[in-house]
Amino acid sequence: MSVPKNFLWGGATAANQCEGGYREGGRGLANVDLMPSGPDRYLVGSGQKKMEAFDDRHFYPAQKAVDMFHHYKEDIALFAQMGFKVYRLSVAWTRIFPNGDEEEPNEAGLAFYEDLFRECQKHQIQPLVTICHFDCPMHLVKTIGGWRSRKMIDQYVKLAKTLFTRYKGLVRYWLTFNEINMILHFPFVAAGLCFEEGEDPTQVMITAAHYELVASSLVTKLAHEIDPENQVGCMMAAGAYYPETCRPEDYWKAICDDRSSYMFIDVQSWGYYPNYALKWVEKQGAKIPFEAGDQALLRENTVDFISFSYYSSRVSSADPEKGGQSQSNLFASAENPYLKSSDWGWAIDPLGLRITMNALYDRYRKPLFIVENGLGAADQLQADGSIQDDYRIDYLREHIRAMIDAMEQDGVELLGYTTWGCIDLISNGTGEMKKRYGFIYVDRDDQGNGSFRRIPKKSFYWYKKVIASNGADLD
Ligand code: BG6
């Protein structure tokens, strides 16, 4: 098997990191709008510090982001120039339901995405839509505590139903929740969770995860009923854990660390919580809030494909002193002395992508979709107006090679590959603009200043060649 002819090459973004226009078209406020840049970002994102309204001591980069709200036609035309077959994006929940609990959707929000999808169609680009990429209406955070409440399920299902109905025929590929395992790492961002004093955060996260899993099954069912052409995927922040040494304790730790991410996808793909997950919950002194019918629902509505993000592999050590020295995408890891790292300390491991793909394919036997991969770097605009991002080309080349090896040599079925932040956008982890991932440079700095002008980087022309040759020309 080599790269199939209909392979979906493209790029990915998320509404809150690129759209801006946070108050336009009747849009409501979401948790992600209230994520400040600077040292408080992690505290707010992890639910340790409440941020329910803007204050003038912080800067909130998502308010403007890279203003794709006003530039989407130009941006999609640039994606088309690169030859994109697919564009992964997310809808901002609060454009469609500003508070989350309205009965009727906001027409201006629906019209915005309809126009955007038609623009994609005009350029023969398939949209791949993440229904929820880290956003939760603030009104629902304040009134019901986000995903800690079972009431969220109805609100989410209403959103999804509205999308499936309105965009029938325009969108075929859907993801229910971005990086569902991020609940355990960045719970305010992933599920609108803020912890109260004295409560057990683990129980709250397990509860929220269960409600998201039930919601994911319900909308998978609905997507198939509304249009049998719909394909629904789950989405995991992936990256295999390696044991730090061949000590059995390290290997066992690596298995347990992998399982802490797999357990969500196991439910979405297999249709039930595996025994190790049930035992883990029990060991936490927690409970999964099952209600009548949940188990049958999960069992009967599994996903069609498995999507994931991959930035790096991780390292597990049984030594409690180790394990937090390196951070990659909010996952603590021990250092890997065999790998180089990005400027933000994320290990660079192309073979790790092949290893991860094989692990996922062996486990689930369903087609995979790589929906995020890329290098965050501080690109410099040269005096001649160019951006020479050879380091990004190197990173992507090696990862694409590894991905093709997994297909050609190991027989892994892969539907497509969308690089993360195909146009520069706001970093989720740090809120910085200077951590850039794109093929397209956006003139904006960390304080929100700039012309928002779009400039293709050197990697833009390189990726165009990669797509045109269906992965054969990686030079
Ligand atoms: C993934 C998210 O976790 O990693 C994206 O789905 C995020 O939203 C990406 O932007 C890269 O992380 P960061 O922190 O560099 O933006």
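Whatever comes next refers back to the structure up there.
Please read these numbers as outputs of a predicted model, since none were measured by experiment. (Residues numbered from 1 in each chain as written. Predicted model: local features only at pLDDT ≥ 70, side-chain atom pairs only at ≥ 80, totals over all residues. Heavy atoms only, no water.)

A. Examining the overall build of the chain more closely. When its secondary structure is counted, the chain shows 15 helices and 14 strands. Scaling as 2.2 N^0.38, a compact globule of 475 residues should have a C-alpha radius of gyration of about 23 Å, and the chain matches this with 21 Å. Projecting the C-alpha coordinates of the chain onto the three principal axes gives extents of approximately 60 × 55 × 50 Å. Burial status across the chain gives 61% buried among its 475 residues. Across the chain, every contact between residues at least 6 apart in sequence was considered, and the portion connecting residues at least 24 apart equals 76%. Of the roughly 18,200 Å² of accessible surface on the chain, a fraction of 50% belongs to carbon and sulfur atoms. The average position of the 51 basic charges and that of the 64 acidic charges among the side chains of the chain differ by 2 Å. (Helix = DSSP H or I, 4+ residues; strand = E, 2+ residues; numbered from the N terminus. Rg over C-alpha atoms; globule rule 2.2 N^0.38 Å. Buried < 20%, exposed > 50% of the residue type's maximum accessible area, 1.4 Å probe, protein only. Contact = heavy atoms within 4.5 Å. Areas by Shrake-Rupley, 256 points an atom, 1.4 Å probe, with all protein chains shown as cover. Lys, Arg positive; Asp, Glu negative; His and termini not counted. Charge placed at Lys NZ, Arg CZ, Asp CG, Glu CD.)

B. Just unusual backbone geometry, in detail. Here the phi dihedral of Q124 falls at roughly 55°; this positive angle occurs in a residue that is not glycine. Its place among the elements puts Q124 in the loop between α5 (107-122) and β3 (126-132). Despite not being glycine, N470 has its phi angle at roughly 50°, a positive value. By the element assignment, N470 lies in the segment after α15 (458-468).

C. Representation of helix α9 (residues 201-226) in the model. Spanning 26 residues, α9 covers 37 Å between terminal C-alpha atoms, matching the ideal 38 Å at 1.5 Å per step. The N-cap residue of α9 is D200: its side-chain oxygen and the backbone nitrogen of T202 are 3.1 Å apart. (Expected span 1.5 Å × (residues − 1). Polar contact = N/O pair within 3.5 Å; in protein donor to acceptor, adjacent residues only side chain to side chain.)

D. Focus on the environment of S342. Secondary-structure assignment places S342 in the loop between β10 (331-333) and α13 (350-364). By relative accessible area, S342 is classed as buried at 12%. C-alpha separation for the pair S342 and G20, spaced 322 residues apart in sequence, amounts to 27 Å. Each residue touching S342, except ones within four places of it in the same chain, is listed here: I348, L375 and G376.

E. Spotlight on the nonpolar core. Of all hydrophobic cores here, the largest spans 148 residues; its most connected members are F79, Y113, W147, M403 and Y463. Examining the composition of this core, we find that 12 residues originate from one element, α9, more than from any other. Ignoring any residue separated from it by four or fewer positions in sequence, one finds F79 in contact with M68, F84, Y87, I125, C422, I423 and I440. One finds V86, F305, F369 and V371 within the second-largest nonpolar core, a separate group that totals nine residues. (Core = buried A, V, L, I, M, F, W, Y, C linked by side-chain atoms within 4.5 Å.)

F. The site of the ligand, seen in detail. Near the ligand you find 16 residues, and of these Q17, E179, E372, K435 and Y437 are the closest. E179 places a side-chain nitrogen or oxygen 2.5 Å from an oxygen atom of the ligand. In this structure, an oxygen atom belonging to the ligand sits 2.5 Å away from a side-chain N or O atom of Y437. Classifying every residue of the shell around the ligand by side-chain character gives six nonpolar, seven polar and three charged. (Near = heavy atom within 4 Å. Nonpolar A, V, L, I, M, F, W, Y, C, P; charged D, E, K, R; others polar.)

G. Representation of the packing of aromatic side chains in the model. The tally for this structure, following the rule as stated, stands at 31 aromatic pairs. Centre to centre, the rings of F117 and Y167 are 4.8 Å apart; their planes meet at 80°, and the pair counts as edge-to-face. Of this pair, F117 sits in helix α5 while Y167 sits in the loop between α7 (151-166) and β4 (173-177), and the two are 50 residues apart along the sequence. Of the two residues examined, F117 and Y167, each falls in the buried class. (Phe/Tyr/Trp six-rings, centres within 6.5 Å; stacked < 30°, edge-to-face > 60°.)

H. Structural detail: the pattern of salt bridges. Applying the stated criterion across every chain yields a total of 35 salt bridges. Residue R150 is joined to D294 by a salt bridge in which the shortest nitrogen-to-oxygen separation is 2.8 Å. Of this pair, R150 sits in the loop between α6 (138-144) and α7 while D294 sits in helix α12 (residues 294-300); the two residues are 144 residues apart in sequence, bridging distant segments of the chain. Look at D294 and you get buried, because its relative accessible area is 3%. Three or more residues are tied together by salt bridges with common partners; here these are D379, D389, R392, D424, R436 and K457. (Salt bridge = Lys/Arg side-chain N within 4 Å of Asp/Glu carboxyl O.)

I. A look at the side chain of R41. Structurally, the position occupied by R41 is in helix α2 (residues 40-45). Polar side-chain contacts of R41 include one of 3.2 Å to the backbone oxygen of M35. If we skip the residues at most four places from it in the chain, R41 touches M35, P36, P61, F186, S427, N428, G429, T430 and G431.

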